[in-house]
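Survey of secondary and tertiary structure
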Amino acid sequence: TLLAAITDVRSRRIRNVLTVPLFAAGLMWAGLMGGLPGLGEGLASALLLGTPFVLLYAFAGGGAGDAKIMMAIGPWTGLAGGVLVLAAVTACGLALAIGWAIRFGQVREVAGNLGTIGVATMGVARRVLRFSDVPRVPRPDQMQRMPYGIAIAAGVWVSAGGMLLWHVQG
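Every value quoted in this text rests on a predicted model; they were computed, and no experiment measured them.

The rules we used
- Residues numbered from 1 in each chain as written.
- Predicted model: local features only at pLDDT ≥ 70, side-chain atom pairs only at ≥ 80, totals over all residues.
- Heavy atoms only, no water.
- Patch = residues over 30% accessible without salt bridge, like charges linked within 9 Å, V, L, I, M, F, W, Y side chains within 5 Å.
- Areas by Shrake-Rupley, 256 points an atom, 1.4 Å probe, with all protein chains shown as cover.
- Salt bridge = Lys/Arg side-chain N within 4 Å of Asp/Glu carboxyl O.
- Helix = DSSP H or I, 4+ residues; strand = E, 2+ residues; numbered from the N terminus.
- Buried < 20%, exposed > 50% of the residue type's maximum accessible area, 1.4 Å probe, protein only.
- Contact = heavy atoms within 4.5 Å.
- Polar contact = N/O pair within 3.5 Å; in protein donor to acceptor, adjacent residues only side chain to side chain.
- Phe/Tyr/Trp six-rings, centres within 6.5 Å; stacked < 30°, edge-to-face > 60°.
- Lys NZ or Arg CZ within 6 Å of the ring centre and 35° of its normal.

Together, Leu94, Ile98, Ile102, Val107 and Leu114 make up an exposed nonpolar region whose accessible area comes to about 470 Å². Those elements that place two or more of their residues in the nonpolar patch are helix 3 (64–103) and helix 4 (107–128). It is helix 3 that provides the largest number of residues to the nonpolar patch, a total of three residues. Assignment of secondary structure puts Leu114 in helix 4.

Inspection of the secondary structure assignment puts Gly149 in helix 5 (residues 149–169). Overall, Gly149 belongs to the buried group, its relative accessible area being 1%. Setting aside anything within four residues of it in sequence, one finds Gly149 in contact with Ala5, Asp8, Ile14 and Asp66.

Its place among the elements puts Ser159 in helix 5. At 2.9 Å, the side chain of Ser159 and the backbone oxygen of Val156 are in polar contact. With residues near it in sequence (within four places) discarded, Ser159 still touches Leu84, Val85 and Ala88.

With that settled, consider the environment of Gly82. Within the secondary structure layout, Gly82 lies in helix 3. Judged by relative accessible area, Gly82 falls into the buried class, the value being 0%. Through-space distance from the C-alpha of Gly82 to that of Leu47 is 9.8 Å; in sequence the pair is 35 residues apart. Other than its neighbours up to four places away in sequence, Gly82 contacts Ser45, Leu48, Leu49 and Thr77.

In this structure the tally under the stated criterion is three aromatic pairs. Ring plane angle 50 degrees and centroid distance 5.2 Å describe the contact between Trp100 and Phe104, whose orientation is recorded as tilted. Residue Trp100 is classed as buried on the basis of its relative accessible area of 16%. Taking NZ or CZ as reference, Arg103 lies 4.9 Å from the ring centre of Phe104, over its face.

In structure tokens:
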């Protein structure tokens, strides 16, 4: 994840040469450690971690590399660890977005975009439930771009540290 963050900062890309081997090795590890059920849990965790980022890529201008690295992390964490990783990455992403907005003097714009995305997310849920039309999400070129690989790496390391502390004290 550190290498993904570095390449994301430098080139704004997380390349397949990093994500594909990480995903394949994770699936092998999950299968070796847990047999067929472990392999299934690894795939389920990849879906759990990747799905929000695939949706961000498809509808809100997120990066495809972010989705791929999150999917690649999934088999290594399992489902329980994946939930913790997803929460930590989300929290680190929010902190990064706030810091990025402050750094570039765009607090008002970023807050507006986050609000619109939140309203649009609720609108999608309502539309699926047939309640109302979906509000418009800002165009990707109108949104603040940041290397989210930093938040992914930070979230993975924060969650790993938390799990390690939990096991040491347990």
